[in-house]
Amino acid sequence: MARSRYTELQLDALRELANIGSGTAGTALSSLLGRSVDISVPNAAAHKKVDAVDAAGAPEDVVWAIVVTVGGDLEATALLVIPEPDAAAICALLGVVPDSDTGRSALEEVGNILVASYVGALGSLTGFVLDLRPPASARDMLGAIVSTILASRSDGRDFAIMLDSELRVEDEAISLSFMLLPTPEGVNELFDRIGLGD
């Protein structure tokens, strides 16, 4: 049974997992972009699905979203939300425009690197064997994207674990929201494995 909230200790553990993953992601993104990349994860929160859209930003904001399905020992959906100006900034660093095949591929690769790094840190710490499916991307209003993703993953995934991230590429700050939607059994098993279960 999913809980309505997680303890500060549990959220701190999720934040620490994200920080571990951020180091790996920063190195990989630095290689991709050819510039120094620093990633911070200042906030971790767990929201009911109905509150997840509001937590990610204004529903009418146009964003890019990269979706990765996670399988194996933990079934989940990972969603990376990138505000349109930040997606344009990432693509500009790579010399492409977002709304093109090469731009979409570039954003999917950035999303794949971040998700693989966060999920990889999770697997290393918990012993979960995890499998990532290829990423998919979409550009739409935030409310439409998140609602669609949540509705299509409605089989018991009552909560979204959200991590706000900031990429600093040299002097440019880029904001991202990372959302993980595990099954309730999966998230409870996660906390059990890191010693913070009920």
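For the structure, check the block above.
Per chain, residue numbering runs from 1 following the sequence as it is written. In keeping with the model being predicted, local features are shown solely for residues with a pLDDT of at least 70 and side-chain atom pairs are shown and tallied solely at 80 or more, while totals for entire chains, interfaces and linings include all residues. No hydrogens and no water enter the side-chain calculation; it runs on all heavy atoms of the structure.

**Re the overall build of the chain**
Of regular secondary structure, the chain possesses six helices and seven strands. Numbering goes from the N terminus for both helices and strands, where a helix is a DSSP run of H or I of at least four residues and a strand is a run of E of at least two. Its helices and strands in sequence order give the chain the pattern α-β-α-β-β-α-α-β-β-α-β-β-α, from N to C terminus. Per-residue burial over the chain gives 48% buried out of 198 residues. Sequence-distant contacts in the chain: of pairs separated by 6 or more residues, those separated by 24 or more amount to 74%. Surface accessibility follows the Shrake-Rupley procedure with a 1.4 Å probe radius. Residue values consider only the protein chains on display as shielding. On the chain, roughly 8700 Å² of surface is accessible, and the fraction owed to carbon and sulfur atoms is 50%. Buried means the residue's accessible area, taken with a 1.4 Å probe over protein chains only, is under 20% of the maximum for its type, while exposed means over 50%, and partly exposed covers the values in between. A contact between two residues is defined here by any heavy atoms of the two lying within 4.5 Å.

**Some thoughts on the environment of Gly 57**
The topology assignment puts Gly 57 in the loop between α2 (49-56) and β2 (62-72). Taking the C-alpha atoms as reference points, Gly 57 and Leu 142, 85 residues apart in sequence, are found 7.4 Å from one another.

**Details of helix α4 (residues 101-126)**
Over its 26 residues, α4 extends 36 Å from the first C-alpha to the last, a length consistent with the 38 Å expected when each residue adds 1.5 Å. Gly 127, located one to two residues past α4, shows a positive phi value of around 85 degrees. Helix span is expected to be 1.5 Å times the residue number reduced by one.

**Thoughts on helix α3 (residues 84-94)**
Listed as buried for α3 are Asp 86, Ala 87, Ala 89, Ile 90, Cys 91 and Leu 93. Gly 95 sits one or two positions beyond α3 and adopts a positive phi of about 75 degrees.

**A word on the environment of Ala 55**
With respect to the helices and strands, Ala 55 occurs in helix α2. The class of Ala 55 is partly exposed, set by a relative accessible area of 33%. Taking C-alpha positions, Ala 55 is 9.2 Å from Ala 45, a pair spaced 10 residues apart along the chain. If we ignore the near neighbours within four places in the chain, the residues touching Ala 55 are His 47 and Met 162.

**A closer look at the packing of aromatic side chains**
A ring pair, where both rings are aromatic, is described by two values, the distance of the centres and the angle of the planes. Pairing of aromatic rings covers Phe, Tyr and Trp, the last counted by its six-membered ring, and requires centre-to-centre distances within 6.5 Å; plane angles under 30 degrees mean stacked, over 60 mean edge-to-face, and any other angle means tilted. Applying the stated criterion across every chain, the model contains one aromatic pair. Seen in terms of ring centroids, Tyr 118 and Phe 178 are 4.8 Å apart; in terms of plane orientation they differ by 70 degrees. Their pairing is edge-to-face. Taken as a pair, Tyr 118 in helix α4 and Phe 178 in strand β7 (residues 172-182) lie far apart in primary sequence, 60 residues in all. By relative accessible area, which is 6% here, Tyr 118 ends up buried.

**Observations regarding the nonpolar core**
Buried Ala, Val, Leu, Ile, Met, Phe, Trp, Tyr and Cys residues that are joined via side-chain atoms within 4.5 Å together make up what is termed a nonpolar core. With 47 residues, the main nonpolar core has Leu 29, Ile 39, Ile 82, Leu 107, Leu 114 and Phe 178 as its most contacted residues. The element that contributes the greatest number of residues to this core is α4, accounting for nine residues. Not counting chain neighbours up to four residues away, the residues in contact with Ile 82 comprise Val 63, Trp 64, Ile 66, Ala 87, Ile 90, Leu 107, Ser 175 and Leu 176. Formed by 14 residues, the second largest nonpolar core is a distinct cluster that contains Ala 65, Val 67, Leu 142 and Val 146.

**Examining the pattern of salt bridges**
Any Lys or Arg side-chain nitrogen located within 4 Å of an Asp or Glu carboxyl oxygen qualifies as a salt bridge. All chains considered together, the criterion is met by three salt bridges. Among the salt bridges present, the one from Glu 84 reaches Arg 139, with a minimum N-O distance of 2.5 Å. One end of the pair, Glu 84, is in helix α3; the other, Arg 139, is in strand β5 (residues 136-141), and 55 residues separate them in sequence. Look at Glu 84 and you get partly exposed, because its relative accessible area is 27%. In this structure Arg 139 comes out as partly exposed when scored by relative accessible area, which is 40%. Of the charged contacts, one joins Arg 168 and Glu 166 as a salt bridge, the two residues approaching to 3.7 Å between their closest N and O atoms.

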